[in-house]
Amino acid sequence: MRVDIDPGVTAPAHKHPGEEIIYVLEGLIEYDVEGKAPVTLKTGDVLFIPAGVVHSAKNVGTGNAGELATYVVEKGKPLVVVVKR
(Lines give C-alpha, C1' and ligand atoms only; values in the text may rest on other atoms or scores of the structure.)
Protein backbone atom coordinates (compact mmCIF):
# COMPACT_ATOMS: atom_id res chain seq x y z
CA MET A 1 0.00 0.00 0.00
CA ARG A 2 1.11 3.58 -0.53
CA VAL A 3 1.53 5.68 2.59
CA ASP A 4 1.89 9.47 2.28
CA ILE A 5 3.05 11.72 5.11
CA ASP A 6 2.78 15.52 5.07
CA PRO A 7 5.83 17.63 6.00
CA GLY A 8 6.50 17.65 9.76
CA VAL A 9 3.92 14.94 10.47
CA THR A 10 4.80 11.81 12.47
CA ALA A 11 2.88 8.58 11.96
CA PRO A 12 1.93 7.16 15.40
CA ALA A 13 3.99 4.38 16.96
CA HIS A 14 2.67 1.01 15.82
CA LYS A 15 3.60 -2.58 15.05
CA HIS A 16 2.51 -5.36 12.73
CA PRO A 17 2.03 -9.08 13.42
CA GLY A 18 4.19 -9.77 10.35
CA GLU A 19 7.14 -8.27 8.51
CA GLU A 20 7.04 -4.91 6.74
CA ILE A 21 9.21 -3.99 3.77
CA ILE A 22 9.35 -0.27 3.02
CA TYR A 23 10.45 1.36 -0.24
CA VAL A 24 10.66 5.16 -0.14
CA LEU A 25 8.95 6.62 -3.20
CA GLU A 26 9.64 10.30 -2.49
CA GLY A 27 10.86 12.70 0.16
CA LEU A 28 12.86 12.22 3.37
CA ILE A 29 11.45 9.96 6.09
CA GLU A 30 12.96 9.42 9.52
CA TYR A 31 12.15 5.99 10.94
CA ASP A 32 12.29 5.38 14.68
CA VAL A 33 12.54 1.60 15.08
CA GLU A 34 12.52 0.10 18.58
CA GLY A 35 16.02 -0.95 19.67
CA LYS A 36 17.82 1.01 16.93
CA ALA A 37 19.03 4.56 16.36
CA PRO A 38 16.68 6.64 14.17
CA VAL A 39 17.50 6.47 10.47
CA THR A 40 16.59 8.91 7.67
CA LEU A 41 15.84 7.42 4.27
CA LYS A 42 15.48 9.12 0.89
CA THR A 43 13.85 8.20 -2.41
CA GLY A 44 14.89 4.69 -3.48
CA ASP A 45 15.97 3.49 -0.03
CA VAL A 46 14.57 0.31 1.52
CA LEU A 47 13.91 -0.66 5.16
CA PHE A 48 12.91 -4.03 6.65
CA ILE A 49 10.96 -4.07 9.91
CA PRO A 50 10.62 -7.45 11.68
CA ALA A 51 7.27 -8.68 12.98
CA GLY A 52 6.18 -7.16 16.29
CA VAL A 53 8.77 -4.37 16.34
CA VAL A 54 7.34 -0.97 17.36
CA HIS A 55 8.16 1.85 14.95
CA SER A 56 7.06 5.26 13.70
CA ALA A 57 7.89 7.46 10.73
CA LYS A 58 8.26 11.24 10.38
CA ASN A 59 8.45 13.33 7.25
CA VAL A 60 11.59 15.42 7.85
CA GLY A 61 11.58 16.96 4.36
CA THR A 62 9.85 20.05 3.00
CA GLY A 63 7.49 18.28 0.58
CA ASN A 64 5.33 15.18 0.56
CA ALA A 65 6.94 11.93 1.66
CA GLY A 66 5.66 8.66 0.27
CA GLU A 67 6.48 5.03 0.83
CA LEU A 68 5.37 1.75 -0.66
CA ALA A 69 4.73 -0.58 2.28
CA THR A 70 4.49 -4.33 1.75
CA TYR A 71 3.22 -6.43 4.65
CA VAL A 72 3.64 -10.15 5.17
CA VAL A 73 0.85 -10.83 7.66
CA GLU A 74 -1.04 -14.04 8.34
CA LYS A 75 -4.61 -13.95 7.01
CA GLY A 76 -7.12 -12.96 9.67
CA LYS A 77 -4.62 -10.99 11.80
CA PRO A 78 -4.83 -7.18 12.12
CA LEU A 79 -2.56 -5.28 9.76
CA VAL A 80 -1.65 -2.51 12.24
CA VAL A 81 -1.64 -2.30 16.05
CA VAL A 82 -1.20 1.26 17.42
CA VAL A 83 1.09 1.44 20.47
CA LYS A 84 1.40 4.15 23.14
CA ARG A 85 5.02 5.12 23.89
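So, the side chain of H55
And then number 1: Mapped onto the secondary structure, H55 falls in strand β7 (residues 55–59).
And then number 2: Of note is the side chain of H55, whose polar atom sits 2.9 Å from the backbone oxygen of V53.
And then number 3: Dropping the residues within four chain positions of it, H55 is found in contact with P12, A13, H14, K15, H16, E20, D32, V33, I49 and R85.

Notes on the sheet that holds strand β8 (residues 65–72)
And then number 1: Read across the sheet, 4 strands follow the order β1-β8-β3-β6 without closing on themselves; strand pairing throughout is antiparallel. Of all strands in the sheet, those with a lone pairing partner are β1 (2–5) and β6 (46–49), marking the two edges. The sheet shows a mean angle of 25° between the axes of neighbouring strands, direction not considered.
And then number 2: By the bridge criterion, 4 bridges tie β1 to β8 in an arrangement that is antiparallel. Bridging from a neighbouring strand, R2 pairs with L68 of β8.

Here we look at the pattern of salt bridges
And then number 1: Using the criterion set out here, one finds 4 salt bridges in the structure.
And then number 2: Residue R2 is joined to E26 by a salt bridge in which the shortest nitrogen-to-oxygen separation is 2.5 Å. In this pair, R2 sits in strand β1 while E26 sits in strand β3 (residues 19–26), placing the two residues 24 residues apart along the sequence.
And then number 3: What makes E26 partly exposed here is its relative accessible area of 29%.
And then number 4: For K42, the salt bridge goes to D45, with nearest N and O atoms at 3.5 Å.
And then number 5: Residue classification places K42 among the partly exposed residues on the basis of a relative accessible area of 48%.
And then number 6: Judged by relative accessible area, D45 falls into the partly exposed class, the value being 21%.
And then number 7: By sharing partners, the salt bridges in this structure join R2, D4 and E26 into a single network.

So, how was this worked out
Residues numbered from 1 in each chain as written. Predicted model: local features only at pLDDT ≥ 70, side-chain atom pairs only at ≥ 80, totals over all residues. Heavy atoms only, no water. Helix = DSSP H or I, 4+ residues; strand = E, 2+ residues; numbered from the N terminus. Polar contact = N/O pair within 3.5 Å; in protein donor to acceptor, adjacent residues only side chain to side chain. Contact = heavy atoms within 4.5 Å. Pairing = 2+ DSSP bridges. Axes fitted to C-alpha atoms, helices over the stretch in contact; angles between N-to-C directions. Salt bridge = Lys/Arg side-chain N within 4 Å of Asp/Glu carboxyl O. Buried < 20%, exposed > 50% of the residue type's maximum accessible area, 1.4 Å probe, protein only.

From the geometry alone we can't say anything about function, so treat these as descriptive.
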